[in-house]
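# Residue-level structural notes
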Amino acid sequence: MSLDQIKSVAVVGAGDMGHGIAEVVLLAGYPVSLYDINTEAVERGAGRIMASLEKLAEKGKVPAEGVEQIRSGLLKTTTDLAEAVGDADLVIEAIPEVLDLKKALFTQVDELAPPHALLASNTSTMSITEIGACTGRPGQVLGLHFFNPAVLMKLVEVIRSQETSDETIETGYAFGKKIGKVPVLVRRDTPGFIANRVNAAPTVLFQSIVERGEIEPEALDAFLMAVGMPMGPCELTDYIGIDVAVNVGKYFADQLHADYTPAPHVMRMLEQGHLGKKSGRGYYDWSNGRPQIGLSKATKRFSPLLAIFVQINEATKLVDQGVCSVAEVDLAMINSTGNPVGPMSIGRQISHWDLSDQLEKLAGRYEKSIFAPTQRIREGGHKH
Ligand code: 3HC
């Protein structure tokens, strides 16, 4: 199916990601049918879309007429899956990160959506191949992975499963452009795709540092904000949700290596129901909105380069597997994080001897073999 044939889109799941994805698609002028399992959830999602659009309209970033068009017709909400996807040319799934739930949903959607429709998952980590195998149209199943907040973050990863057809991928990529995003093609279906996988390594590092009590979360966040990140790693974990972060870590641990297992302090927050922004408490108290991070508390005992080193190392694993190129790693990282530069361009200034040496030290100090330098790093292949 070509881009021109996409006339109407269904978004399944109206939570943090689903409502944001629907908003982006609506802003591109598509009618969207937003589905969730109950009226409260779907109406909350629609309310968040309208609140965000009004904020953008007040700032002159979107025209007021456009917002009115969305309110008065383009956005439809429903709790009936058949109604949501029955006329859709593209269905985007954004339900919780539970593989069995996703598989069951794709089986159902496959029966209800028109035969020509493309089915996309916004999964953060999971196998698009496995999800597509639950349908009778695996060639029309792809990943379209957005970043939170979807309306502001530019990246959309367009993921090819082992079965996705060339035509589906081309249409998915063109759709990403049409909705104003920076699409990056993920050529092979691998856990976490590009951005989440590259970020998995510094996440393990930050969680290890906090777990050992070497640096307090606020001191770490303050430092990383001071050096230019829009949000430090602990605040970001709260922002995306402790539950989401745990699911991501567990999936990596299950699929790749036990070193990715979420740290005990993160598991404790989950068990206590402290899910971050959405529950009002995580690393921080969110009951009065975004936490005020005291920049004066910034640690002096951390080098941001350490986080970059482990990102570069992780990225070389993807390059070796043919998932993406070195340049695409940076394109994905810049457009998913709001950071001004990507890790690979920083890595170009660093010799492979220094990089290997630092990575060996980190692997030893934190007892994480995933930090050990790859062969590509040892040979200086991280530069191209
Ligand atoms: N709609 C409209 N406007 C919004 C908005 C939304 N959904 N969210 C934030 N804004 C606006 C705010 O109202 C604010 O407007 P103002 O300047 O007029 O007051 C403006 O954006 C800036 O927001 P803040 O003042 O709260 O703070 P920031 O300047 O730090 O921006 C942020 C907020 C865009 C979230 C920024 O902190 C950021 O880029 N953080 C990093 C986000 C990130 O890395 N996301 C990726 C997470 S990983 C992921 O999603 C993958 C998944 O699979 C797990």
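Treat the numbers as computed from the prediction; the structure is a model and nothing was measured.

## Section: the overall build of the protein
- Each helix and strand counted, the protein has 17 helices and 8 strands in total.
- The globule rule puts the C-alpha radius of gyration for 384 residues at 21 Å, and the 21 Å found for the protein is close to it.
- Overall, the C-alpha framework of the protein stretches about 55 × 45 × 40 Å when taken along its three principal axes.
- Sorting the 384 residues of the protein into buried and exposed places 57% on the buried side.
- Residue pairs at least 24 apart in sequence account for 71% of intrachain contacts in the protein once pairs closer than 6 positions are excluded.
- Element-wise, carbon and sulfur atoms account for 52% of the exposed surface of the protein, whose accessible area totals about 16,200 Å².
- Taken together, the 37 basic and 47 acidic charged side chains of the protein have centroids lying 6 Å from each other.

## Quick notes on the sheet that holds strand S6 (residues 141–145)
- Judged by pairing direction, the sheet is mixed, and its 8 strands sit side by side in the order S3-S2-S1-S4-S5-S6-S7-S8 without closing on themselves. In the strand order of this sheet, the two ends are held by strand S3 (75–78) and strand S8 (182–186), each with one partner. Between one strand axis and the next, the sheet turns by 25° as a mean value, whatever way the strands run.
- Sheet analysis places strand S2 (residues 32–35) next to S3, joined by 4 bridges and oriented parallel. Its bridge partner being in S3, Val32 is matched across the sheet by Leu75.

## Regarding the environment of Leu90
- With respect to the helices and strands, the residue Leu90 is situated in strand S4 (residues 90–93).
- Residue Leu90 is classed as buried on the basis of its relative accessible area of 2%.
- Separated by 85 residues in the primary sequence, Leu90 and Phe175 place their C-alpha atoms 9.9 Å from one another.
- With residues near it in sequence (within four places) discarded, Leu90 still touches Ile6, Ser8, Val9, Ala10, Leu118, Ala120, Leu144 and Phe175.

## Remarks on the domain arrangement of the protein
- Domains assigned within the protein are domain 1 (3–186), domain 2 (215–297) and domain 3 (304–383).
- Taken over C-alpha atoms, the centre of domain 1 sits 26 Å from the centre of domain 2.
- Taken together, the 8 residues of domain 1 in the interface contact 8 residues of domain 2.
- Considering only the surface of domain 1 that becomes buried against domain 2, Glu97, Thr125 and Asn148 emerge as the three largest contributors, covering 55% of it.
- Here domain 1 is connected to domain 2 by 0 salt bridges.
- Across the side of domain 1 that touches domain 2, the residue classes break down as 2 nonpolar, 4 polar and 2 charged.

## A word on the nonpolar core
- Counting residues in each nonpolar core, the largest one holds 87 residues, and the members touching the most others are Val85, Val91, Ile194, Leu205, Phe302 and Phe371.
- Those residues in contact with Val91, other than ones at most four positions away along the chain, are Ala10, Val12, Val85, Val109, Ala113, Leu118, Leu119 and Ala120.

The rules behind these values
Residues numbered from 1 in each chain as written. Predicted model: local features only at pLDDT ≥ 70, side-chain atom pairs only at ≥ 80, totals over all residues. Heavy atoms only, no water. Helix = DSSP H or I, 4+ residues; strand = E, 2+ residues; numbered from the N terminus. Rg over C-alpha atoms; globule rule 2.2 N^0.38 Å. Buried < 20%, exposed > 50% of the residue type's maximum accessible area, 1.4 Å probe, protein only. Contact = heavy atoms within 4.5 Å. Areas by Shrake-Rupley, 256 points an atom, 1.4 Å probe, with all protein chains shown as cover. Lys, Arg positive; Asp, Glu negative; His and termini not counted. Charge placed at Lys NZ, Arg CZ, Asp CG, Glu CD. Pairing = 2+ DSSP bridges. Axes fitted to C-alpha atoms, helices over the stretch in contact; angles between N-to-C directions. Domains from an automatic or database assignment. Buried area = accessible area lost by both parts, 1.4 Å probe. Salt bridge = Lys/Arg side-chain N within 4 Å of Asp/Glu carboxyl O. Nonpolar A, V, L, I, M, F, W, Y, C, P; charged D, E, K, R; others polar. Core = buried A, V, L, I, M, F, W, Y, C linked by side-chain atoms within 4.5 Å.

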